[in-house]
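# Examination of the molecular architecture
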Amino acid sequence: MKLSLQLYSARDAGPLADVLRLLADLGFDAVEGYGGVFGDLSALQGLLAETGLAMPSLHVALDLVESDPDQVARIAEATGAGVVFAPHLTPEQRPQDAVGWAAIADRLAAAHAAMAERGLRFGWHNHDFEFVPLPDGQVPMQIILDRAPMIEWEADIAWIIRGGADPLDWIARHGPRITAAHFKDIAPTGECGDEDGWADPGTGIMDWPAIIAALRTHARVEWLVAEHDRPADFDRFARQAARAWATI
């Protein structure tokens, strides 16, 4: 398991070159790309080569994977990525029943096939809404995992908790599907309101030593991806993430 960082966390942190140089200096092994950094692939490729950082995984919208899989393959080739994770559904895209979630799972299975044809792995990255039971009691994340058994899962552990579920239970039951995990934290109630209640890894309420132990025991995590959805100070967050990882 090696340390990466989701570059969405740095969207307001200034020039990408400065961000990547800081992360390399802090000892990060890799970064995870997202749509905001794919505009100039040649420049991105040069920065990765300069800093020695890998980009093994990408966040790419499901719509783009479906509409232009060749473009996704070009992004992966330029960055050296081997796995693509579809990261999100907007509120209006989220089904309200099991039939709708089965249809989402079928789309993910088809996206997996398109990526596999191009030599890439494919999976899903969760938020909280996948763990909120539907009116019939079924859980969307379970529908996805059951109906699309070929896809991987990048488990965002803090979002699992915010969805009201127990991450240790999900890791124990579905560990072999988990090939990457997001490393973030939740602030105590009433704190970090300007950061949407998120905390730097290792400074919040989550028991990361227990979570890491469970991932090592049950899962196949290659990359632990540090993330903060709204850091007030990116430099502070990045330094704390590296420090927390070094002490777990």
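Details of the structure are given in the entry above.
What you see is a predicted model; the values in this text were computed from it and never measured.

### Focus on the overall build of the protein chain
Counting secondary structure elements, the protein chain contains 10 helices and 10 strands. Taking 18 Å as the expected radius of gyration for a compact globule of 248 residues, we find that the protein chain reaches 17 Å, a close match to that expectation. Along the first, second and third principal axes, the C-alpha set of the protein chain runs to 50 × 45 × 35 Å. Counting only residues that meet the buried cut, the protein chain has 56% of its 248 residues in that class. Relative to all contacts within the protein chain whose residues are 6 or more apart in sequence, the contacts with residues 24 or more apart total 76%. Of the roughly 10300 Å² of accessible surface on the protein chain, a fraction of 51% belongs to carbon and sulfur atoms. In the protein chain, 19 side chains carry a positive charge and 37 a negative one; their mean positions are 3 Å apart.

### Re the side chain of S4
Relative to the helices and strands, S4 resides in strand β1 (residues 2-5). A polar side-chain atom of S4 sits 3.4 Å from the main-chain amide nitrogen of V31. A distance of 3.5 Å separates a polar atom in the side chain of S4 from the backbone nitrogen of E32.

### Describing the sheet that holds strand β3 (residues 54-59)
On the basis of which strands lie adjacent, the open sheet formed by 8 strands has the order β1-β10-β7-β6-β5-β4-β3-β2 and parallel pairing. At either end of the open sheet lies a strand with only one pairing partner, and these are β1 and β2 (30-33). Each neighbouring strand pair of the sheet contributes to a mean axis angle of 30°, computed without reference to strand direction. One ladder, built from 3 bridges, connects strand β5 (residues 121-125) with strand β6 (residues 152-156); its direction is parallel. Directly across from W124, in β6, lies its bridge partner W153. Where helix α5 (residues 98-117) meets the sheet, it contacts β4 (83-86) and β5, and its direction lies at approximately 150° from that of β5.

### Concerning the layout of surface pockets
Approximately 230 Å³ is the volume attributed to the largest pocket. The wall of the largest pocket is formed by 13 residues, among which Y8, H59, P87, H88 and H127 lie closest to the centre. For the lining of the largest pocket, a count of residues per class yields 4 nonpolar, 6 polar and 3 charged.

### A word on unusual backbone geometry
At C192, a position not held by glycine, the phi torsion is positive, near 55°. By secondary structure assignment, the location of C192 is in the loop between β8 (185-186) and β9 (198-199).

### Quick look at the packing of helix α2 (residues 41-51) against helix α4 (residues 69-79)
Relative orientation of the contacting elements α2 and α4 amounts to 30°, with a least axis distance of 9 Å. Taken together, the axes of α2 and α4 lie roughly parallel to each other. Residues L41, L44, Q45 and L48 of α2 form the contact with α4, whose participating residues are R74, I75, A78 and T79. Of the residues belonging to the contact of α2 with α4, the class tally is 5 nonpolar, 2 polar and 1 charged.

### Focus: the pattern of salt bridges
It is possible for side chains bearing opposite charge to pair when their charged atoms get close. All chains considered together, the criterion is met by 17 salt bridges. Ionic pairing is found between D106 and R147, a salt bridge with its closest N-O pair at 2.7 Å. Taken together, the residues span a long stretch of sequence, with D106 in helix α5 and R147 in helix α6 (residues 140-147) at a distance of 41 residues. Look at D106 and you get partly exposed, because its relative accessible area is 36%. Look at R147 and you get partly exposed, because its relative accessible area is 45%. The closest approach of N and O atoms between R121 and E222, which form a salt bridge, is 2.8 Å. Of this pair, R121 sits in strand β5 while E222 sits in the loop between α9 (208-218) and β10 (223-226), and the two are 101 residues apart along the sequence. Taking the relative accessible area as the measure of exposure, R121 reaches 30% and is therefore partly exposed. Assessed through its relative accessible area of 35%, E222 is described here as partly exposed. Salt bridges sharing partners connect three or more residues here, namely D156, K184, E227 and D229.

### Comments concerning the environment of L145
Within the secondary structure, L145 is located in helix α6. The class of L145 is buried, set by a relative accessible area of 3%. On a C-alpha basis, the gap between L145 and A105 in space is 7.9 Å, while along the polypeptide they are 40 residues apart. Sequence-distant contacts of L145, defined by excluding residues within four places in its chain, comprise W153, W170, H174 and R177.

Parameters at a glance
Residues numbered from 1 in each chain as written. Predicted model: local features only at pLDDT ≥ 70, side-chain atom pairs only at ≥ 80, totals over all residues. Heavy atoms only, no water. Helix = DSSP H or I, 4+ residues; strand = E, 2+ residues; numbered from the N terminus. Rg over C-alpha atoms; globule rule 2.2 N^0.38 Å. Buried < 20%, exposed > 50% of the residue type's maximum accessible area, 1.4 Å probe, protein only. Contact = heavy atoms within 4.5 Å. Areas by Shrake-Rupley, 256 points an atom, 1.4 Å probe, with all protein chains shown as cover. Lys, Arg positive; Asp, Glu negative; His and termini not counted. Charge placed at Lys NZ, Arg CZ, Asp CG, Glu CD. Polar contact = N/O pair within 3.5 Å; in protein donor to acceptor, adjacent residues only side chain to side chain. Pairing = 2+ DSSP bridges. Axes fitted to C-alpha atoms, helices over the stretch in contact; angles between N-to-C directions. 1 Å grid on protein atoms, 1.4 Å probe; cavity = no way out; pocket = protein on both sides within 12 Å on 5 of 7 lines; lining within 4 Å. Points joined across faces, edges and corners; volume = space filled by probe spheres on them. Nonpolar A, V, L, I, M, F, W, Y, C, P; charged D, E, K, R; others polar. Parallel < 35°, antiparallel > 145°, perpendicular 65-115°, else oblique. Salt bridge = Lys/Arg side-chain N within 4 Å of Asp/Glu carboxyl O.

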